[in-house]
Amino acid sequence: MMGISGFEPTFLVGLEAVRGEHGPRLAALGGRRLTGFALVRFVEDGDWFADCPVVLDFGGVHVEVCHWKFDELSIGWNTIDTTAAISGWEEYDELTPVWSSADERLEPFVGQELREVALLKWHPSSRHDIAGGTIAVEFVFDVGRFHIANALDENSIDLGDAPPEFVRHPLGCGVRPD
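Residues numbered from 1 in each chain as written. Predicted model: local features only at pLDDT ≥ 70, side-chain atom pairs only at ≥ 80, totals over all residues. Heavy atoms only, no water.

1. Observations concerning the pattern of salt bridges
Okay, so step 1: Tallied over the full model, the rule gives 10 salt bridges.
Okay, so step 2: Here Arg168 ties to Glu116 by a salt bridge, and the two come within 2.8 Å at their closest N and O atoms. In this pair, Arg168 sits in strand β11 (residues 166-170) while Glu116 sits in strand β7 (residues 114-122), placing the two residues 52 residues apart along the sequence.
Okay, so step 3: A residue is classified by how much of its surface remains accessible, and Arg168, at 31% relative accessible area, is partly exposed.
Okay, so step 4: In the salt-bridge network here, residues are joined through shared partners; they are Glu116, Glu138, Arg145, Asp161 and Arg168. (Salt bridge = Lys/Arg side-chain N within 4 Å of Asp/Glu carboxyl O. Helix = DSSP H or I, 4+ residues; strand = E, 2+ residues; numbered from the N terminus. Buried < 20%, exposed > 50% of the residue type's maximum accessible area, 1.4 Å probe, protein only.)

2. Focus: the pairing of strand β3 (residues 54-58)
Okay, so step 1: A large share of β3 lies buried, amounting to five of its five residues.
Okay, so step 2: Burial of β3 is two-sided: the residues Val54, Leu56 and Phe58 facing one way and the residues Val55 and Asp57 facing the other way are all buried.
Okay, so step 3: Where strand β2 (residues 36-42) meets β3, three bridges bridge the pair, whose relative direction is antiparallel. Looking at the pairing, Ala38 lines up with Val55 of β3.
Okay, so step 4: Sheet analysis places β3 next to strand β4 (residues 61-68), joined by five bridges and oriented antiparallel. Across the sheet, residue Val55 finds its bridge partner in β4, namely Glu64. (Pairing = 2+ DSSP bridges.)

3. Observations concerning the side chain of Asp57
Okay, so step 1: Tracing the backbone through its elements, the reader meets Asp57 in strand β3.
Okay, so step 2: Buried within the structure, Asp57 lacks any salt-bridge partner; Arg32 is the closest side chain of opposite charge, at an N-O distance of 7.2 Å.
Okay, so step 3: Within the structure, Asp57 has its side chain in polar contact with the side chain of His62 (distance 3.2 Å).
Okay, so step 4: Once you skip the residues sitting within four places of it in the chain, Asp57 turns out to touch Arg33, Leu34, Thr35, Gly36, Phe37 and His62. (Lys, Arg positive; Asp, Glu negative; His and termini not counted. Polar contact = N/O pair within 3.5 Å; in protein donor to acceptor, adjacent residues only side chain to side chain. Contact = heavy atoms within 4.5 Å.)

4. Notes on the sheet that holds strand β9 (residues 144-150)
Okay, so step 1: Taken together, the five strands give an open sheet; going across it, the order is β10-β9-β8-β7-β11, and neighbouring strands pair in antiparallel fashion. Where the open sheet ends on each side, the last strands, each with one partner, are β10 (155-159) and β11. Averaged over neighbouring strand pairs, the angle between their axes works out to 25° when direction is ignored.
Okay, so step 2: The pairing of β7 with β11 spans five bridges and is antiparallel. Within the sheet, the bridge partner assigned to Trp122 lies in β11 and is Phe166. (Axes fitted to C-alpha atoms, helices over the stretch in contact; angles between N-to-C directions.)

5. Quick notes on the pairing of strand β5 (residues 72-77)
Okay, so step 1: In terms of burial, β5 is a largely internal element, six of the six residues being buried.
Okay, so step 2: What you see with β5 is no split at all: Glu72, Ser74 and Gly76 on one side and Leu73, Ile75 and Trp77 on the other are buried throughout.
Okay, so step 3: Inspection of the sheet shows β4 paired to β5 by six bridges, in the antiparallel sense. Following the sheet pairing, Val63 is matched in β5 by Trp77.
Okay, so step 4: Hairpin connection from β4 to β5: three residues lie between these consecutive antiparallel strands, with Lys69 at a positive phi of about 55°.

6. What about the nonpolar core?
Across soluble globular proteins, nonpolar side chains show a tendency to be buried alongside one another.
Okay, so step 1: Ranked by size, the top nonpolar core spans 33 residues in total, and within it Leu26, Leu56, Phe58, Phe139 and Phe146 carry the most contacts.
Okay, so step 2: Of all the elements in the fold, those that place two or more residues in this core are α1 (15-27), β2, β3, β4, β5, β7, β8 (135-141) and β9.
Okay, so step 3: Those residues within four positions of Phe139 in sequence are excluded, and the remaining contacts are Leu56, Phe58, Leu114, Glu116, Val117, Gly144, Arg145, Phe146 and Ile148.
Okay, so step 4: Membership of the second largest hydrophobic core comes to 13 residues, among which are Ile4, Phe49, Cys52 and Val55. (Core = buried A, V, L, I, M, F, W, Y, C linked by side-chain atoms within 4.5 Å.)

Structural data, given as structure tokens:
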């Protein structure tokens, strides 16, 4: 998908589906260090292509987060090859996508130990908010926190505490599943 080697997303909708499928593995990341990350950027202008997955490397365990449509979230594990060229972008012949480990938001977290992971569920004050119920993944470190959220059919990376419309559902940390 998207010309990304190994990317075969399984999109889930809702807190219970995401927590049931990925909660224990996300919690088990606690105590690991973020050793790197990869985002897709365009060679020509350096812009981040937020439709593509965000890959976080926790000492050889890769977590691949990708939001799609208004409420779908895929979390993959060690499937994307960020060393392989991205192909099949002929329709965007003026732009060349490549994997990049440059991002001023994520760079301060590299080398830091993950303290906790939480799922954030958007609970808007207006019942007419189409983003209601979307799920973000929050990563908490001693130096701060960031979350990868659904920006309505693409990813967003936001630093610091989540807005109050997000209800936080901690997953714990450091408990490795059998």
